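Chains, contacts and geometry: an overview
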There are 4 protein chains.
Amino acid sequence: MLGPRVWSSVRQGLSRALSSTVGGWASGEGRKVDISGIYPPVTTPFTATAEVDYGKLEENLHKLGTFPFRGFVVQGSNGEFPFLTSSERLEVVSRVRQALPRDKILLAGSGCESTQATVEMTVSMAQVGADAAMVVTPCYYHGRMNSAALIHHYTKVADLSPIPVVLYSVPANTGLDLPVDAVVTLSQHPNIVGIKDSGGDVTRIGLIVHKTRRQDFQVLAGSAGFLLASYAVGAVGGVCALANVLGAQVCQLERLCLTGQWEDAQKLQHRLIEPNTAVTRRFGIPGLKKTMDWFGYYGGPCRAPLRELSAAQEEALRLDFTSNGWL
Amino acid sequence: MLGPRVWSSVRQGLSRALSSTVGGWASGEGRKVDISGIYPPVTTPFTATAEVDYGKLEENLHKLGTFPFRGFVVQGSNGEFPFLTSSERLEVVSRVRQALPRDKILLAGSGCESTQATVEMTVSMAQVGADAAMVVTPCYYHGRMNSAALIHHYTKVADLSPIPVVLYSVPANTGLDLPVDAVVTLSQHPNIVGIKDSGGDVTRIGLIVHKTRRQDFQVLAGSAGFLLASYAVGAVGGVCALANVLGAQVCQLERLCLTGQWEDAQKLQHRLIEPNTAVTRRFGIPGLKKTMDWFGYYGGPCRAPLRELSAAQEEALRLDFTSNGWL
Amino acid sequence: MLGPRVWSSVRQGLSRALSSTVGGWASGEGRKVDISGIYPPVTTPFTATAEVDYGKLEENLHKLGTFPFRGFVVQGSNGEFPFLTSSERLEVVSRVRQALPRDKILLAGSGCESTQATVEMTVSMAQVGADAAMVVTPCYYHGRMNSAALIHHYTKVADLSPIPVVLYSVPANTGLDLPVDAVVTLSQHPNIVGIKDSGGDVTRIGLIVHKTRRQDFQVLAGSAGFLLASYAVGAVGGVCALANVLGAQVCQLERLCLTGQWEDAQKLQHRLIEPNTAVTRRFGIPGLKKTMDWFGYYGGPCRAPLRELSAAQEEALRLDFTSNGWL
Amino acid sequence: MLGPRVWSSVRQGLSRALSSTVGGWASGEGRKVDISGIYPPVTTPFTATAEVDYGKLEENLHKLGTFPFRGFVVQGSNGEFPFLTSSERLEVVSRVRQALPRDKILLAGSGCESTQATVEMTVSMAQVGADAAMVVTPCYYHGRMNSAALIHHYTKVADLSPIPVVLYSVPANTGLDLPVDAVVTLSQHPNIVGIKDSGGDVTRIGLIVHKTRRQDFQVLAGSAGFLLASYAVGAVGGVCALANVLGAQVCQLERLCLTGQWEDAQKLQHRLIEPNTAVTRRFGIPGLKKTMDWFGYYGGPCRAPLRELSAAQEEALRLDFTSNGWL
């Protein structure tokens, strides 16, 4: 849990941001803020006419609030951030901030394609209450996004961000793995506190943990499918789409790992793999939202061009949950 | 949502398009506008402080105006459109429109990630003077962008666009090839007039030409490297980054192809492959802009996170031009 | 056509090989043998019990002998060479040699994984009557097959081969594109006469033609799908699986290209793309063999683990021919 | 075809396997043999003239014999099996069998491209003393190697093999991941006992363990880089190239995992990642053999076309060991 000293720093950072004296977050004594734990990357609910449904968002958060999550990721890939306007992105974060208890960390996705836009969005996210910014790699020109370019980008963002920065590598969407050497270099920045790695390569995750071991740098697994394995190699938490529907189970898996109950952890992990794949790689956000409907949350439609599932896909999705005993 | 003022403008744009006789277009009687020819995808000049430099943009256009281009692509991948704000995107198109003679076609890149944003941007592009909209495939969720999703997306955009729509497939950036069956279906839409295909697979280009032969559908090669081969299989033009620096030569290659002088065309094509690769896949927009500086245009810096070339890269870039007799 | 001088050299090379004084083929005055033209890569017929059916092989060759092919490729990818023993590979080549008129070129696939085995197979292929050896890139360790390794491999093979060597790049099978710089270096070897390139990237084909223009080096397109485009950028022929079933048409396409009848060539090329894809990438050798059965040749079964087509696949295969007017 | 003598031997081998109590195997009552543990995939030593050096092979085995390995893999990817003749492959296995104590399991790689050749090689491997056959996926026609083809292939091999079969999936070499559904189907075959999975995707490994949990099916990690994570999700051992040089350490990592000392395991695992990558993906067999030279084994040259490391590569290789405290 965040101690009083850390939260004091957070608040200082926030107030600095609000008073427009942007220029780096300093947590005293060089310790970075602790982001360990489980985070659902919340979806953005839409009405039938594709407007953001803030009421449903708050209802979902209220229901999710019963689980021992460390916090929430807002505007991650599952939040359909590329489909929101800048003001919608900020409004969503603002509403989540208001709906959350102060002890829940709000990680806000603030990545844009240009460095400048990312800096501006990050500052704005801080202003509306984000505790840290999760910054996805720029990707349209991924052929040019070598280590030098990415180090420059993230350094600039972290220099100017009033809140801590979490790197975010999600090759399935971006076509780009943030190179390990870039991660290691960036881990030395005082305002970069960790990485969310969604690639699923635990050799890489282990190597990042190993090579940043002197940097107080934290790795979050980007999916529930390799959460146990990530803990085993040194990750400290996870941002798991599946936690939107099986929140208790993902938190239980965390607890089993942290308390060294590896056999039970393994059994639970096994039963989460297919459901996790179903709501991520296999059926994407439409699959996740459909499942949310089943589990008592509001899923609802995605914005176009994302399409709802066909009947056959829905059946396959359901089977991935029933065959593992979750429905 | 689009407000009344916007839709009023949309209708004006639409009526202008329908009644337009610009560039020999005859859009009555179901014939689609003729977009054949060569287009440079213009770069967006920036000042040293990364502001759009509209003066330099106009100077470049003035110099490029001496070549027999059919028109210009604005806000294509080479225009760094993902790094511009919406208003910058529109302002750039507006300025280009003002700088261009009326007989030059202005193809404006209006693609966004969501269908709704793409519709709005397309409508706005029409308002500021674009003759047609070039719409890149949405890509962040490319794992979900199957034919059904893309057909739905483009149909919606074409239904609501006051100007003709050109499909745009550029897998090197998007990780996504617009599937041939989707292209064939979309070719039947009265407001979809063609495709810019940057993938370089001429078997695919030939197949698209073949399967849309009854649809008055036009294929533009997306790069000068396979321009001759594209003409040979039925393409009617090209959008060629290289035309920003070797405009006369790319137009000459077009002429040689159109007049059946294939031997000379081949010799010229050969000498353009390495320079073309250098300013596209190999060194990207930084390479293109550096070369523009050499050839008397304003290249200047890119916006971050794109980085300028190293001295070694610059030397390799130069060699690709000198070894082929262009510098 | 091969003139008497060339064939005299071939015979000299062969006799040298037979007398075990292997060490390079010298065609006098430095001119390389002319391999331009169309080649079907013949399939290997098997009986119901998976034995090589030499009788059917000869029957197929007899029927194919009516078309103006320049020669035949034996033991290419379509010959299922990885499924044959060394002695079967040689026996097949030997039988084909006996069945062919002397003026047809026999290109024999002699590639193996190790350099030593490739050299031995190449020498043996020469002994049983191959006119030239087509040597596929080694591929199991493709992660290590950089330019240096491949240049070393092919140089060794060419040094020791009694017959001319044709490079063979087929990334769909090998996961490896023979790098252009390696091709350019190897084109300078007196016993390397050309390349069969099956990758389908005509920008690359054009570049190879351009950069080897002083080397008397010949490029053969590896598939009928991009044959016209390859001619347009300087290829001199093709090795086309489709020629096993539409031999007249592929030869006609060649003639149209060589005589500059590009419009007719384009129409014919268009109608060959889908059938070609069907018997190569889409349905593989099982598709090719099934189609051979339809066209009056012996196709028959493949060796396991290749499987025959399902009824649905067979129907889709047939549609690719009927919809283009070939069945 | 297999002759009577061979089949007699086959039957003997089969009966030996069935009655065997080697290594705690109990193959009566439908239980599959236990293959859990660590295996080095031994390299094939060559002389300066590229002959197999059986003396050095035995010396290496003698040195490796001091570690608590469960057994040895012979003719895996690290054994350069594609570069050996069939008789060399068998002779190597035969020599290893003679050099090994009876309680060490000998897993022999017997995969070939055709099903028939694989069956014959598997039978022969059994005859020369292999305890089980490790069968790599056929790969040259990987585009056709769907689940149906692979299930058919492995079922045929397992039906006719006198020794248990271990599936082997190594996408870095083959371009092919044996599909999970095929693995699950094949796990039900009484003569298929497990899989060596070298892909490094632990989500997949966990899923395979989960979906074969009722089949007495065993998963071996194919590399030391994800060994701990694999144990964490239910693997029972590993085939680790790194065990050829850091045998004690890999066995220690196994022990730490099996005894639940996860913190120490993690620290050790971390220090093995870079050395492991160096002798596998980064520098391949040439890197592994060079390192063997450093650690007191005989590495020696590879067969061409594999090339020895450059001085710069050698230095980088060394750094991966020194920086982790192993040299």
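Residues numbered from 1 in each chain as written. Chains lettered and ligands numbered in written order. Predicted model: local features only at pLDDT ≥ 70, side-chain atom pairs only at ≥ 80, totals over all residues. Heavy atoms only, no water.

1. Things to note about the pattern of salt bridges
All names here are of chain A.
- Evaluated as defined, the whole model comprises 52 salt bridges over all chains.
- Put simply, Glu88 and Arg303 hold a salt bridge, and the shortest N to O gap is 2.9 Å. Of this pair, Glu88 sits in helix H3 (residues 86-99) while Arg303 sits in the loop between helix H12 (284-294) and helix H13 (311-322); the two residues are 215 residues apart in sequence, bridging distant segments of the chain. Arg303 matches Glu88 in its accessibility class, with the two residues each being buried.
- The partner of Lys290 in a salt bridge is Glu314, and the shortest N-O contact between them spans 3.8 Å. (Salt bridge = Lys/Arg side-chain N within 4 Å of Asp/Glu carboxyl O. Helix = DSSP H or I, 4+ residues; strand = E, 2+ residues; numbered from the N terminus. Buried < 20%, exposed > 50% of the residue type's maximum accessible area, 1.4 Å probe, protein only.)

2. Here's the deal with the pairing of strand E3 (residues 105-109) of chain B
Residue and element names in this part refer to chain B.
- With five of five residues buried, E3 lies mostly within the body of the structure.
- On E3, burial covers both faces: Ile105, Leu107 and Gly109 on one face and Leu106 and Ala108 on the other are all buried.
- Relative to E3, strand E2 (residues 71-74) runs parallel, the two sharing four bridges. Across the sheet, residue Val74 finds its bridge partner in E3, namely Ala108.
- Viewed along the sheet, the connection from E2 through helix H3 (residues 86-99) into E3 turns out right-handed.
- For E3 and strand E4 (residues 132-136), the ladder comprises three bridges, and the chain directions are parallel. Bridge pairing links Ala108 to Ala133 in E4.
- In this fold, E3 hands off to helix H4 (residues 115-127), which returns the chain to E4; that crossover is right-handed. (Pairing = 2+ DSSP bridges. Right-handed = clockwise from strand over helix to strand, strands pointing away.)

3. So, the relation of the copies chain B and chain A
- Between chain B and chain A, which share one sequence, the superposing operator has a rotation angle of 180° and an axial displacement of 0.0 Å; the RMSD is 0.0 Å. What the superposition gives is, in effect, a two-fold axis relating one chain to the other. Within chain B, the C-alpha atom positioned nearest to the axis of rotation is that of Gly175 of chain B, 3.5 Å from it.
- Same-surface contact between copies: 97% of interface residues of chain B are shared with the interface of chain A. (Least-squares fit on C-alpha atoms with pLDDT ≥ 70 in both. Contact = heavy atoms within 4.5 Å.)

4. Topic: the relation of the copies chain D and chain C
- Between chain D and chain C, which share one sequence, the superposing operator has a rotation angle of 180° and an axial displacement of 0.0 Å; the RMSD is 0.0 Å.
- Most of the interface of chain D is mirrored in chain C, where 97% of its interface residues again form contacts.

5. Structural notes on the UniProt feature "binding site: pyruvate" (unreviewed entry) in chain A
All names here are of chain A.
- When the UniProt feature table is mapped onto this chain numbering, "binding site: pyruvate" (unreviewed entry) sits at Val239.
- Take Val239: it is sitting in strand E8 (residues 237-239).
- Classification of Val239 as buried rests on a relative accessible area of 0%.
- Leaving out residues up to four positions away in the same chain, Val239 has contacts with Tyr39, Pro41, Val73, Lys196, Leu220, Ala221, Gly222 and Ser223. (UniProt positions renumbered as here; feature names shortened; annotations may be inferred.)

6. Details of the sheet that holds strand E6 (residues 192-197) of chain C
Residue and element names in this part refer to chain C.
- What the eight strands build is an open sheet, ordered E1-E8-E7-E6-E5-E4-E3-E2; its pairing is parallel. Taken across any chain shown, the strands that pair with only one partner, and hence form the sheet edges, are strand E1 (37-39) and strand E2 (71-74). Averaged over all adjacent pairs, the angle separating strand axes in this sheet is 25°, with direction ignored.
- The pairing of E1 with strand E8 (residues 237-239) spans three bridges and is classified as parallel. Considered in E8, the bridge of Gly37 is made with Gly237.
- Along the sheet face, helix H3 (residues 86-99) touches E2 and strand E3 (105-109) and points at about 175° away from the line of E3. (Axes fitted to C-alpha atoms, helices over the stretch in contact; angles between N-to-C directions.)

7. Digging into the interface of chain D and chain C
- Taken together, the 36 residues of chain D in the interface contact 36 residues of chain C.
- Interface area, chain D with chain C, both sides summed: about 2900 Å², of which 61% is carbon and sulfur.
- Taken as a group, Tyr140, Tyr141 and Arg144 of chain D account for 29% of the area that chain D buries against chain C, more than any other trio of residues on that side.
- Viewed at the interface, chain C and chain D are joined by zero salt bridges.
- Counting across the chain D and chain C interface gives 14 residue pairs in polar contact (both at pLDDT 80 or more).
- Looking at the side of chain D that touches chain C, the elements with two or more residues in it are helix H5 (147-160), helix H6 (171-174) and helix H12 (284-294) of chain D.
- A per-element tally of the side of chain D that touches chain C places H5 of chain D first, with four residues.
- For the side of chain D that touches chain C, the per-class residue count stands at 21 nonpolar, 10 polar and five charged. (Buried area = accessible area lost by both parts, 1.4 Å probe. Polar contact = N/O pair within 3.5 Å; in protein donor to acceptor, adjacent residues only side chain to side chain. Nonpolar A, V, L, I, M, F, W, Y, C, P; charged D, E, K, R; others polar.)

8. Description of the interface of chain B and chain A
- With 36 residues of chain B in contact, the opposing surface of chain A contributes 36 residues.
- Contact between chain B and chain A buries roughly 2900 Å² in total, counting both sides, with carbon and sulfur atoms accounting for 61%.
- On the chain B side of the contact with chain A, Tyr140, Tyr141 and Arg144 of chain B bury the most area, a combined 28% of that side's loss.
- The interface formed by chain B and chain A contains zero salt bridges.
- Across the chain B-chain A interface, the total number found is 14 residue pairs in polar contact (both at pLDDT 80 or more).
- Taken together, the residues of the side of chain B that touches chain A break down into 21 nonpolar, 10 polar and five charged.

9. Quick notes on the side chain of Asn324 of chain B
- With respect to the element layout, Asn324 of chain B can be found in the segment after helix H13 (311-322).
- Look at Asn324 of chain B and you get buried, because its relative accessible area is 5%.
- At a separation of 2.9 Å, a polar atom in the side chain of Asn324 of chain B contacts the side chain of His210 of chain C.
- Apart from residues lying up to four places away in sequence, Asn324 of chain B is in contact with His270, Arg271, Glu274 and Pro275 of chain B together with His210 of chain C.

10. Quick look at H13 of chain A
Residue and element names in this part refer to chain A.
- With 12 residues, H13 extends 16 Å from end C-alpha to end C-alpha; this agrees with the ideal 16 Å at 1.5 Å per step.
- Buried within H13 we find Ala316, Leu317, Asp320 and Phe321. Summarising the axial view, the buried residues of H13 lie within an arc of 145°, below the 170-degree limit, and thus occupy one face. Turned more than 90 degrees off the buried face of H13, the exposed positions are Ala311, Ala312, Glu315 and Leu319.
- Packing partners of the buried residues in H13 comprise helix H11 (262-282) and H12. (Expected span 1.5 Å × (residues − 1). Arc of directions from axis to C-beta.)

11. Things to note about the UniProt feature "active site" (unreviewed entry) in chain A
Residues and elements named next belong to chain A.
- With numbering matched to this structure, UniProt assigns "active site" (unreviewed entry) to Tyr168 and Lys196. In three dimensions, the annotated residues from a span of 29 residues occupy one location, with a maximal C-alpha spread of 4.8 Å.
- Considering the arrangement of structural elements, one finds Tyr168 in strand E5 (residues 165-169).
- Relative accessible area serves as the criterion here: at 3%, Tyr168 is assigned to the buried category.
- Setting aside residues up to four positions removed in sequence, Tyr168 forms contacts with Ser77, Met134, Val135, Val136, Thr137, Tyr154, Ile195, Lys196 and Ser198.
- A polar contact of 2.8 Å, which involves the side chain of Tyr168, links it to the side chain of Ser77.
- Structurally, the position occupied by Lys196 is in strand E6 (residues 192-197).

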